[in-house]
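Observations on the model geometry
Here is how the chains run, residue by residue.
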Amino acid sequence: MGGLIYLILGLIYSNCTWESIRIRMPLITKGFYSNKLSILSIYKNWVSENNKTELKAELIEVKIKKIEYTEEFPKIESSAILEPIQKIDIFSKVSGRIEKIFVKDGEQVFKGQKLAKLDTLSFELDLLKQRAAFESALSQFNLTKSKLENAEKQVEVKLAEIEKRKALLERTKNEYSRMLEIQSKKKNLYDNGVISLEELETINLEVNSKFTNVHNALKDLEMIEFGYRDIDITNGGLQLPLNQKQRLQIFKNLNTKIERSEVEVAEKNIEVAKVNIKATEMLIKEGVLVSPSNGYVSKINHSPGELVTAGGSGTLPILTIVDISKLVVVLSVNEKDLSNFKVGQDTLVSIENNTGTPKNAKVKRINPLIDSKTHTAEVKIELNNRKLELRPGMFVRSETIVGSLRKLIKINAEAIQINENQNASVYVIRENRAFSTSIELSEKVGEDYVIKRGLKEGDEVAMTKINLLYDGVKVKANN
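What counts, and where the lines are drawn
Residues numbered from 1 in each chain as written. Predicted model: local features only at pLDDT ≥ 70, side-chain atom pairs only at ≥ 80, totals over all residues. Heavy atoms only, no water. Helix = DSSP H or I, 4+ residues; strand = E, 2+ residues; numbered from the N terminus. Contact = heavy atoms within 4.5 Å. Areas by Shrake-Rupley, 256 points an atom, 1.4 Å probe, with all protein chains shown as cover. Axes fitted to C-alpha atoms, helices over the stretch in contact; angles between N-to-C directions. Parallel < 35°, antiparallel > 145°, perpendicular 65-115°, else oblique. Left-handed = near helix turned anticlockwise from the far one by under 90°. Expected span 1.5 Å × (residues − 1). Pairing = 2+ DSSP bridges. Buried < 20%, exposed > 50% of the residue type's maximum accessible area, 1.4 Å probe, protein only. Polar contact = N/O pair within 3.5 Å; in protein donor to acceptor, adjacent residues only side chain to side chain. Phe/Tyr/Trp six-rings, centres within 6.5 Å; stacked < 30°, edge-to-face > 60°. Salt bridge = Lys/Arg side-chain N within 4 Å of Asp/Glu carboxyl O. pLDDT = per-residue confidence, 0-100.

Details of the overall build of the protein chain
Along its length, the protein chain carries 9 helices and 21 strands. Considering only residue pairs separated by 6 or more positions, the protein chain has 72% of its internal contacts joining residues 24 or more positions apart. For the protein chain, the accessible surface area stands at approximately 31,200 Å², while carbon and sulfur atoms represent 53% of it.

Structure follows, in structure tokens:
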């Protein structure tokens with residue numbers, strides 16, 4: 001009976017008193033209070049056990065990263081395809097069939113090396129005809145030149161003849177004058193009865209004869225002097241010469257116009273023949289295609305026997321030569337970043353999926369025009385490739401430093417969640433629980449984002465299994 005009463009009192013005290021009262025009466029509490037009799041204590045233990053089971057089921061193991069400041073230069077990273085600095089399509093300047101190709105795909109060639117040859121038989125036959133025509137023109141020239149020289153000699157002969165005729169005229173005039181004097185004296189003698197009429201008439205006949213001689217000599221001189229007079233010089237629009245030598249040359253020029261024209265025509269024919277020969281020789285020479293620079297044969301598009309046209313209008317080149325001693329990286333740079341690039345600026349170029357040392361390069365050219373559709377401009381970076389380690393078509397990444405050293409926080413993109421509103425967040429681990437934290441992103445550097453705000457040094461950020469995390473979930477963190 002007493003035990004039952006004690007059990008009833010303990011049950012009442014354990015469930016009907018508050019903890020503050022029990023603390024004030026420690027002896028009574030020690031005698032009558034029991035956790036096993038307290039319904040509230042039993043409920044709390046049950047809830048605690050359930051919570052332990054639930055938390056144990058939700059425990060997620062994640063890899064974390066402790067946030068630290070890093071120091072680095074700001075840089076712009078871009079991807080591009082390597083291109084050769086020089087690509088030369090080889091076309092033929094003459095039409096014809098390909099006779100032979102001397103090189104193969106991928107073969108290294110040097111400036112001046114023979115690449116291919118066209119069939120030039122028709123040009124060679126034309127050259128033989130043109131050389132024969134040249135010899136004929138040369139013979140014709142020599143003939144006309146000889147005719148001119150003879151004509152010039154005839155001018156000298158004619159001038160000498162004119163001088164003779166002038167002298168003859170002068171003699172006949174003198175003889176006529178002398179006969180006139182004799183006639184006058186004879187007439188006086190006749191008037192004085194010294195001589196007979198018959199003798200006087202004989203003198204008169206001689207005077208008439210001398211007069212006729214003077215008239216004939218004058219006519220002959222006029223005829224032979226035609227083209228050799230001062231008036232002929234002035235009528236030709238020339239000034240009268242100052243000396244006999246100039247006079248002779250002028251008369252030669254005036255009286256050998258036809259011969260000189262024939263010589264000029266013959267000279268022109270020689271020049272035309274020379275031009276034709278030179279043109280045909282050039283066509284024969286152009287029938288052999290040579291490399292304009294050092295490089296490699298990147299592609300051969302035609303085979304021996306195929307017909308090609310001059311200039312290759314609308315057709316593929318016979319072959320293509322590329323110079324890969326230097327390569328070009330062509331970047332499409334956003335207009336907001338364009339001001340960060342300068343000609344001559346140093347750049348590092350690395351080959352995608354290659355752990356080799358990045359190559360030094362320089363900005364060679366910046367296109368002044370911005371594409372209105374993409375709002376980007378073309379920036380060309382020149383890369384030395386003396387050892388020929390790189391090849392056109394390789395995928396590369398470039399890093400261009402665009403500012404001074406700065407202190408920043410970076411985190412891998414895998415740790416960042418971006419919602420439909422483009423708001424970014426990460427899970428920060430505190431007391432083994434994950435808490436979603438909003439962050440503001442700056443530029444992307446490789447696989448990392450630069451954090452503008454939202455994180456501080458010392459924060460621990462979940463790097464894995466972020467799709468399984470939610471705010472407040474308990475995690476097991478691994479460094």
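Considerations on the packing of helix α5 (residues 121–191) against helix α9 (residues 257–286)
As a packed pair, α5 and α9 sit with axes 8 Å apart at the nearest point and diverge in direction by 160 degrees. Our classification of the angle between α5 and α9 gives roughly antiparallel. Along this stretch, α5 crosses α9, giving a crossing that reads as left-handed.

Topic: α5
Along its 71 residues, α5 runs 103 Å from first to last C-alpha, staying within 8% of the 105 Å computed at 1.5 Å per residue. Just beyond α5, the residue with positive phi is Gly 193, at close to 75 degrees.

Quick look at the pairing of strand β18 (residues 433–445)
Note that strand β17 (residues 424–430) and β18 share 7 bridges and pair antiparallel. Note that in β18 the partner of Ala 424 across the bridge is Ile 439. Relative to strand β19 (residues 448–453), β18 runs antiparallel, the two sharing 4 bridges. Its bridge partner being in β19, Leu 441 is matched across the sheet by Ile 451. Hairpin connection of β18 to β19: 2 residues between the antiparallel strands, including Gly 446 at a positive phi of 65 degrees.

What about the side chain of His 302?
Tracing the chain through its elements places His 302 in the loop between β8 (295–300) and β9 (307–308). Judged by its relative accessible area of 13%, His 302 falls in the buried class. Only 2.8 Å separates the side chain of His 302 from the side chain of Glu 306, close enough to count as a polar contact. In this structure the side chain of His 302 is engaged in a polar contact, spanning 3.1 Å, whose partner is the backbone oxygen of Leu 316. Apart from residues lying up to four places away in sequence, His 302 is in contact with Ile 98, Ile 101, Val 308, Leu 316, Pro 317 and Ile 318.

Regarding the pairing of β8
By the bridge criterion, 2 bridges tie strand β5 (residues 108–109) to β8 in an arrangement that is antiparallel. Residue pairing across strands places Val 109 opposite Gly 295, the latter belonging to β8. In this sheet, strand β10 (residues 319–334) lies alongside β8 in antiparallel orientation, the contact comprising 4 bridges. When the bridges of β10 are listed, Lys 299 appears paired with Thr 320.

Quick word on the packing of aromatic side chains
Each aromatic ring pair is specified by the distance between its two centres and by the angle formed by the two planes. Following the criterion strictly, the structure yields 1 aromatic pair and no others. Here the aromatic rings of Tyr 176 and Phe 211 are separated by 5.5 Å at their centres, their planes lie at 50 degrees, and the arrangement is tilted. Taken together, the positions of Tyr 176 in helix α5 and Phe 211 in helix α6 (residues 197–225) put the pair 35 residues apart, joining distant regions of the chain. For Tyr 176, a relative accessible area of 21% translates into the label partly exposed.

Side note on the pattern of salt bridges
A complete count under the given rule lists 17 salt bridges for this structure. Here Glu 262 ties to Lys 147 by a salt bridge, and the two come within 3.2 Å at their closest N and O atoms. Taken together, the residues Glu 262 in helix α9 and Lys 147 in helix α5 connect sequence positions 115 residues apart. For Lys 147, a relative accessible area of 39% corresponds to the partly exposed category. Put simply, Arg 165 and Glu 161 hold a salt bridge, and the shortest N to O gap is 3.0 Å. Taken together, the residues Arg 165 and Glu 161, both in helix α5 and 4 residues apart, mark about one turn of the helix. Residue classification places Arg 165 among the partly exposed positions, given a relative accessible area of 25%.

Here we look at α6
Taking 1.5 Å per residue, 29 residues should reach 42 Å; α6 reaches 42 Å between its end C-alpha atoms and fits that length. Along α6, the residues classified as buried are Leu 200, Ile 203, Val 207, Lys 210, Val 214, Ala 217, Leu 221, Ile 224 and Glu 225. Looking at the buried residues of α6, the elements they touch are α5 and α7 (230–235). Of the residues one or two after α6, Gly 227 is the one with positive phi, at around 95 degrees.

Focus on the confidence of the model for the protein chain
For the protein chain, per-residue confidence averages 83 on the pLDDT scale, and 86% of positions sit at 70 or higher. Overall, residues 52–57 carries pLDDT values under 50, and its contacts beyond four positions in sequence, including any with other chains, amount to 1 contact.

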